[in-house]
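Results of the structural survey
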Amino acid sequence: MPRDRLTDLTIGTWNVRSLYRTGALTTVLSDLDRYRLAITAIQEVRWTGRGHLKIDKYTVFYSGGTKHERGVGFIVNDQVLQNVKRFEAINDRNCYLEIQCKWFKIVLINCYGPTEDKDEDQKSEFYENIKRLYSTPSNNHIKIMLRDFNVKIGKEPTFKRTIGKKVYTIRLTTIGKVKIKIKIRLAVRKREEKLFKKQFNIKELENPEIAKNFRENIAQNIQRQKETTEDNADTL
């Protein structure tokens, strides 16, 4: 498939609980064959360093630290490998993958959050990194966050529409509040995307002028979403 002709993309996310053991990667790739995923974000890779590794019809992009702890990455099927424009390894908790599609680029952001028992400085640094990472690529790109935030959600009525009815903890943790902020922003963006679908017929995007208007519309709506929701989310 030509690089600029990618129109369908099946993605997933999976905490693999360590690839640093014999046979672990083979087992993971076997499961991905069954689910037919083109790109999978993985957490707890537990490999050191950063780079990529070719295994059969898959390429594993990984971002680790100096110890066999944490670690994130992506497993990409050969069918869409040519559409990968860039892999950026940030640290052992964050990385992202830039994909060239037919009408726009998609940025897949992979995050692995610290648990609640970690110190406040470490947790604050993690979420500050996410904010910077989310704002770094161009606003014209579609951004999708794939993650394991290691978070517990409380029972506060204020957040019922966001977290649903089935929760297990009594007190909302600091990490939980940050996650809710992100989920609210993503929920707003999802509503914006529905508006895009109403305004533009996908088949009409073959027309260069309509495709240009589509991209401009995305950028404008994302900017409006930032301006109207940032203050509300920060008050949580």
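Everything discussed here concerns the structure shown above.
Described in the following lines is the structure provided in the data block.

Reading the values: the criteria
Residues numbered from 1 in each chain as written. Predicted model: local features only at pLDDT ≥ 70, side-chain atom pairs only at ≥ 80, totals over all residues. Heavy atoms only, no water. Pairing = 2+ DSSP bridges. Helix = DSSP H or I, 4+ residues; strand = E, 2+ residues; numbered from the N terminus. Axes fitted to C-alpha atoms, helices over the stretch in contact; angles between N-to-C directions. Contact = heavy atoms within 4.5 Å. Phe/Tyr/Trp six-rings, centres within 6.5 Å; stacked < 30°, edge-to-face > 60°. Buried < 20%, exposed > 50% of the residue type's maximum accessible area, 1.4 Å probe, protein only. Lys NZ or Arg CZ within 6 Å of the ring centre and 35° of its normal. Core = buried A, V, L, I, M, F, W, Y, C linked by side-chain atoms within 4.5 Å. Salt bridge = Lys/Arg side-chain N within 4 Å of Asp/Glu carboxyl O.

1. Focus: the sheet that holds strand β6 (residues 84-89)
- Sheet architecture is open: four strands sit in the order β6-β7-β8-β9, paired in mixed fashion. Across the chains shown, the open sheet's two edge strands, defined by having one partner strand only, are β6 and β9 (142-148). For this sheet, the mean angle separating the axes of adjacent strands, direction not counted, is 15°.
- One ladder, built from seven bridges, connects strand β7 (residues 94-100) with strand β8 (residues 105-112); its direction is antiparallel. Along β8, the bridge assignment pairs E98 with V107.
- Those strands touched by helix α3 (residues 120-135) are β7, β8 and β9, and its axis lies near 15° from that of β7.

2. A closer look at the packing of aromatic side chains
- The final tally for this structure, using the stated rule, is six aromatic pairs.
- Measuring from centroid to centroid gives 5.3 Å for F61 and F87, while their planes differ by 40°, and the two rings are tilted. In this pair, F61 is assigned in strand β4 (residues 58-63) and F87 in strand β6, connecting sequence segments 26 residues apart. There is no split in this pair, since F61 and F87 are both buried.
- Ring centres of F126 and Y127 lie 4.8 Å apart, and the angle between their planes is 80°; on these two criteria the pair is classed as edge-to-face. Here F126 and Y127 have matching classes, each one buried.
- We note K143 situated over the ring of Y134; from NZ or CZ to the ring centre the distance is 5.2 Å.

3. Some thoughts on unusual backbone geometry
- Even without a glycine there, the phi angle at S18 is positive, about 110°.
- Within the secondary structure, S18 is located in the loop between β1 (11-15) and α1 (24-35).
- We classify S18 as buried; its relative accessible area is 7%.
- Phi at R46 takes a positive value of approximately 65°, unusual for a residue other than glycine.
- Looking at the secondary structure, you find R46 in the loop between β2 (39-43) and β3 (50-55).
- Taking the relative accessible area as the measure of exposure, R46 reaches 30% and is therefore partly exposed.

4. Some words on the nonpolar core
- Of all hydrophobic cores here, the largest spans 25 residues; its most connected members are I39, F74, V76, L97, I99 and L108.
- Taken together, the elements giving at least two residues each to this core come down to β2, β5 (72-77), β6, β7, β8, β9 and α6 (208-234).
- Beyond its immediate chain neighbours, meaning those up to four positions away, L97 contacts I39, F61, F74, V76, V84, R86, F87, I106, V107 and L108.
- Core analysis: the second largest hydrophobic core is formed by 15 residues, L25, L29, Y62 and I75 among them.

5. Let's talk about the pattern of salt bridges
- Tallied over the full model, the rule gives 12 salt bridges.
- In this structure, D78 engages K54 in a salt bridge whose closest nitrogen and oxygen atoms are separated by 3.1 Å. Within this pair, whereas D78 is found in helix α2 (residues 78-81), its partner K54 is found in strand β3, the two being separated by 24 residues in sequence.
- Put simply, E88 and R86 hold a salt bridge, and the shortest N to O gap is 3.0 Å.
- Judged by its relative accessible area of 25%, E88 is partly exposed.
- Owing to a relative accessible area of 40%, R86 belongs among the partly exposed residues under this scheme.
- Overlapping salt bridges bring together R17, E44 and R46 as one network.

6. Thoughts on the sheet that holds β5
- Ordered by their spatial adjacency, five strands build an open sheet running β1-β2-β5-β4-β3, and the pairing between neighbours is mixed. Each having just a single partner strand, β1 and β3 make up the two edges of the open sheet. Taking the axes of each pair of neighbouring strands and ignoring which way they run, one obtains an average angle of 20° across the sheet.
- Alignment of β4 against β5, held across six bridges, turns out to be antiparallel. By the bridge assignment for β5, Y62 is matched with G73.

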